Amino acid sequence: QHAILGFISWRPLSGYDLKKCFSDSTSLYWSGNNNQIYTTLIQLHKAGMVQLDIQVQESLPARKVYTITELGINELRSWILSTPELPELKNTFLVQLSWADMLDPSDLDSLLGRYIEELELHLRMHLEKVRRSALAPRRTPREIFLWNEINRNISLVWETELGWARELRTKLKEGYPQ
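From a predicted model like this one, the values you see are computed outputs, not experimental measurements.

**Q** What is the right way to look at the environment of Ile 73 in this model?
**A** By secondary structure assignment, the location of Ile 73 is in helix H4 (residues 70-81). Distance from Ile 73 to Val 50, taken between C-alpha atoms, is 9.1 Å for residues 23 residues apart in sequence.

Encoded structure:
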């Protein structure tokens, strides 16, 4: 809800535009589907946080474009000022690794190799998405700086995990401390 309000505070958007914003974003993860976006837009509209403008198009269905209202701005601002949640540190690979002593050395090395390959791919995809993305509000120098820092934070997380996995693999190959 708040991410949708944030995007709509940037500029008026349709549900389709919002889906594209989420899919193109490097920092605003969305696990939902189109129905969840449209359901949330309906809820925000009923609550008076967004205004709906129906734009008639030739030979296409009418386009529903949403604009944030003063109530929506106040809700977004209130949420922004609320106590931040700490990130969830959920890493399924660490659970796998917890029981990896069951594997012989070559299987463990292979597991780490596959994990490293996935991390490298994910990092490359993130960096390419950042490079190509023009999808960020650029209303003020501070806003540009904040969005750049968000992307840098995500890059650092992936780079740190990749460095740790490489170091672990090397230590295991060299004969871990006994």
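The structure having been displayed, the exposition proceeds.
**Q** Hey, could you run me through the packing of aromatic side chains in this one?
**A** The description of two aromatic rings rests on the distance between their centres and on the angle between their planes. The full count for this structure, using the stated rule, is three aromatic pairs. An angle of 10° between the planes, with centres 3.7 Å apart, marks the rings of Phe 93 and Tyr 115 as stacked. Of the two residues, Phe 93 is situated in helix H5 (residues 92-98) and Tyr 115 in helix H6 (residues 105-132); the sequence distance between them amounts to 22 residues. Across the pair, exposure class does not vary: Phe 93 and Tyr 115 are buried alike. Of the aromatic side chains, those joined through ring pairs into one cluster are Phe 7, Trp 10 and Phe 22. Directly above the aromatic system of Trp 10 lies the positively charged group of Arg 11, at a separation of 4.1 Å from the ring centroid.

**Q** Would you take a moment to explain the nonpolar core for this structure?
**A** Nonpolar side chains in soluble globular proteins tend to be buried together. Counting 19 residues, the largest nonpolar core has Ile 4, Leu 5, Phe 7, Ile 8, Leu 18 and Leu 41 as its most contacted members. In terms of residue count, helix H1 (residues 2-10) provides more of this core than any other element does, five residues in total. Residues Phe 93, Leu 108, Leu 119 and Leu 123 belong to the second largest nonpolar core, which totals 12 residues.

**Q** Quick question: what am I supposed to make of helix H2 (residues 15-24) here?
**A** Buried within H2 we find Gly 15, Asp 17, Leu 18, Cys 21 and Phe 22. On an axial view of H2, the arc spanned by its buried residues comes to 155°, and they lie on one face.

**Q** Where do I start with the pattern of salt bridges in this structure?
**A** Two side chains carrying opposite charge are able to pair once their charged atoms lie near each other. Throughout the structure, instances matching the rule amount to eight salt bridges. For Arg 63, the salt bridge identified is with Asp 17, shortest N-O distance 2.5 Å. Residue Arg 63 is located in strand S3 (residues 60-68), and its partner Asp 17 is located in helix H2; the two are separated by 46 residues in the primary sequence. Glu 167 is paired through a salt bridge with Lys 171; the nearest N and O atoms lie 3.0 Å apart. Of the two residues, Glu 167 and Lys 171 are both situated in helix H7 (residues 141-174); the distance of four residues between them amounts to about one turn of the helix. For Glu 167, a relative accessible area of 44% translates into the label partly exposed. Owing to a relative accessible area of 43%, Lys 171 belongs among the partly exposed residues under this scheme. What you see here is one network of salt bridges that share partners, running through Asp 109, Arg 169 and Lys 173.

The rules behind each value
Residues numbered from 1 in each chain as written. Predicted model: local features only at pLDDT ≥ 70, side-chain atom pairs only at ≥ 80, totals over all residues. Heavy atoms only, no water. Helix = DSSP H or I, 4+ residues; strand = E, 2+ residues; numbered from the N terminus. Phe/Tyr/Trp six-rings, centres within 6.5 Å; stacked < 30°, edge-to-face > 60°. Buried < 20%, exposed > 50% of the residue type's maximum accessible area, 1.4 Å probe, protein only. Lys NZ or Arg CZ within 6 Å of the ring centre and 35° of its normal. Core = buried A, V, L, I, M, F, W, Y, C linked by side-chain atoms within 4.5 Å. Arc of directions from axis to C-beta. Salt bridge = Lys/Arg side-chain N within 4 Å of Asp/Glu carboxyl O.

Honestly, that's just the spatial picture; any functional story needs more than this.
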